[in-house]
Amino acid sequence: GTACMVFTDVVSSMRAWGGCYEGMRKGLCVHNDVMRSLLSAHDGYEVKTVGDCFIVAFPTAGRGVRFGLEAQHRLYESEWPEELLAFPTCSVDAEQQWKGIRVRVGVDAGPVALTFNELVARYDYAGPTVNRANEAEAAAVPGFVAMTPAVASAAREVLDEGVCAVTRDGVRLNDFDEPIALLNAVPDALSGRVSFARSWLAEKSASSCAPQREAGRADATQRGNPLLMPQHPAPTHDVWGDKSGVTAGYDEVLSI
């Protein structure tokens with residue numbers, strides 16, 4: 001089957017947790033409420049959360065991209081704890097339109113393989129689409145929604161509704177032989193972030209290898225580590241993808 005996979009993650013979360021624990025504890029509740037309300041609105045399936053990373057699935061690329069764009073806007077408009085806003089990585093910047101927790105979002109769409117975890121009665125996703133969405137998120141401009149060329153093409157109707165975008169060229173994802181261009185977008189309402197994105201991209205090497213994650217950050221798809229046990233929410237919407245050949249068992253993965 002096919003699905004649109006979306007990964008989100010909080011920018012500089014280790015620093016914020018270390019320097020503003022109480023603010024982050026309260027702020028993460030705000031962040032999670034925003035994500036889950038938008039998941040419900042766009043027929044998303046919450047696969048799991050790992051720390052402050054959400055892994056979610058949608059039936060179409062358009063819905064996945066719309067979820068990411070609206071999440072960026074809603075997070076900016078949210079009310080955040082004062083102690084969190086006093087922390088440098090979550091402070092208010094009216095010109096560049098920052099306020100509170102900042103997130104990266106990565107999106108890809110294509111074939112997915114499903115496994116069913118009987119322990120928590122939920123589906124897990126695997127395959128190259130999941131890997132690419134994960135890597136797109138790692139390479140995303142902070143505060144933006146990064147999407148592969150296939151997603152940008154499939155979601156053109158959503159993007160035409162009004163976004164500001166910058167392109168990160170020369171991104172190497174493991175499943176592509178050649179570097180690709182990741183489109184990084186935000187709603188027009190957050191156009192102030194474009195100047196930040198251009199400065200951020202100017203500091204990055206277009207010929208770099210696959211994006212490196214923050215030090216100490218775990219692969220969101222890692223298995224078997226009890227310290228990284230994913231959180232499995234109660235089901236909201238239907239799982240997206242072909243369930244006809246799903247294998248029971250957390251560690252078994254169907255071949256595509």
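Attention here is on the structure that accompanies the text. What you see is a predicted model; the values in this text were computed from it and never measured.

**So, the overall build of the protein chain**
- The helix and strand inventory of the protein chain stands at eight helices and ten strands.
- Buried positions account for 50% of the 256 residues belonging to the protein chain.
- Residue pairs in contact within the protein chain that sit at least 24 positions apart in sequence constitute 76% of those at least 6 positions apart.
- Put simply, the protein chain shows about 11400 Å² of open surface, and 50% of that area lies on carbon and sulfur atoms.

**As for helix H8 (residues 193–202)**
- For H8, the set of buried residues is Arg193, Val194, Phe196, Ala197, Trp200 and Leu201. Down the axis, H8 shows its buried residues gathered within 155° of arc, on one side only. H8 presents Arg198 and Ala202 as exposed residues on the side facing more than 90 degrees away from its buried surface.
- Buried residues along H8 sit in contact with helix H3 (61–77), helix H5 (128–139) and strand S8 (163–171).

**Here's the deal with the environment of asparagine 117**
- The residue asparagine 117 is located in strand S5 (residues 113–117) in this model.
- Asparagine 117 gets classed as buried once you look at its relative accessible area, which sits at 8%.
- Within the structure, asparagine 117 has its side chain in polar contact with the backbone nitrogen of leucine 119 (distance 3.0 Å).

**Some points on the nonpolar core**
- The biggest cluster of nonpolar side chains holds 38 residues, and the ones touching the most others in it are Val6, Val65, Phe67, Val107 and Met147.
- Ignoring anything within four residues of it in the chain, the contact list for methionine 147 reads Val65, Val107, Ala152, Leu159, Ala181, Leu182, Leu183 and Ala185.

**Notes on the packing of aromatic side chains**
- Inspection of every chain in the model, using the stated rule, returns five aromatic pairs.
- Residues tryptophan 17 and tyrosine 21 carry aromatic rings whose centres are separated by 5.4 Å and whose planes lie at 55° to one another, so their mutual orientation is tilted.
- Taking relative accessible area as the criterion, tyrosine 21 reaches 53% and is therefore assigned exposed.
- Ring plane angle 40° and centroid distance 5.1 Å describe the contact between phenylalanine 58 and phenylalanine 67, whose orientation is recorded as tilted. Phenylalanine 67 shares its class with phenylalanine 58; the two are buried.
- Above the ring of tyrosine 76, the side-chain terminus of lysine 99 is found at 5.9 Å from the ring centroid.

Cut-offs used in this document
- Residues numbered from 1 in each chain as written.
- Predicted model: local features only at pLDDT ≥ 70, side-chain atom pairs only at ≥ 80, totals over all residues.
- Heavy atoms only, no water.
- Helix = DSSP H or I, 4+ residues; strand = E, 2+ residues; numbered from the N terminus.
- Buried < 20%, exposed > 50% of the residue type's maximum accessible area, 1.4 Å probe, protein only.
- Contact = heavy atoms within 4.5 Å.
- Areas by Shrake-Rupley, 256 points an atom, 1.4 Å probe, with all protein chains shown as cover.
- Arc of directions from axis to C-beta.
- Polar contact = N/O pair within 3.5 Å; in protein donor to acceptor, adjacent residues only side chain to side chain.
- Core = buried A, V, L, I, M, F, W, Y, C linked by side-chain atoms within 4.5 Å.
- Phe/Tyr/Trp six-rings, centres within 6.5 Å; stacked < 30°, edge-to-face > 60°.
- Lys NZ or Arg CZ within 6 Å of the ring centre and 35° of its normal.

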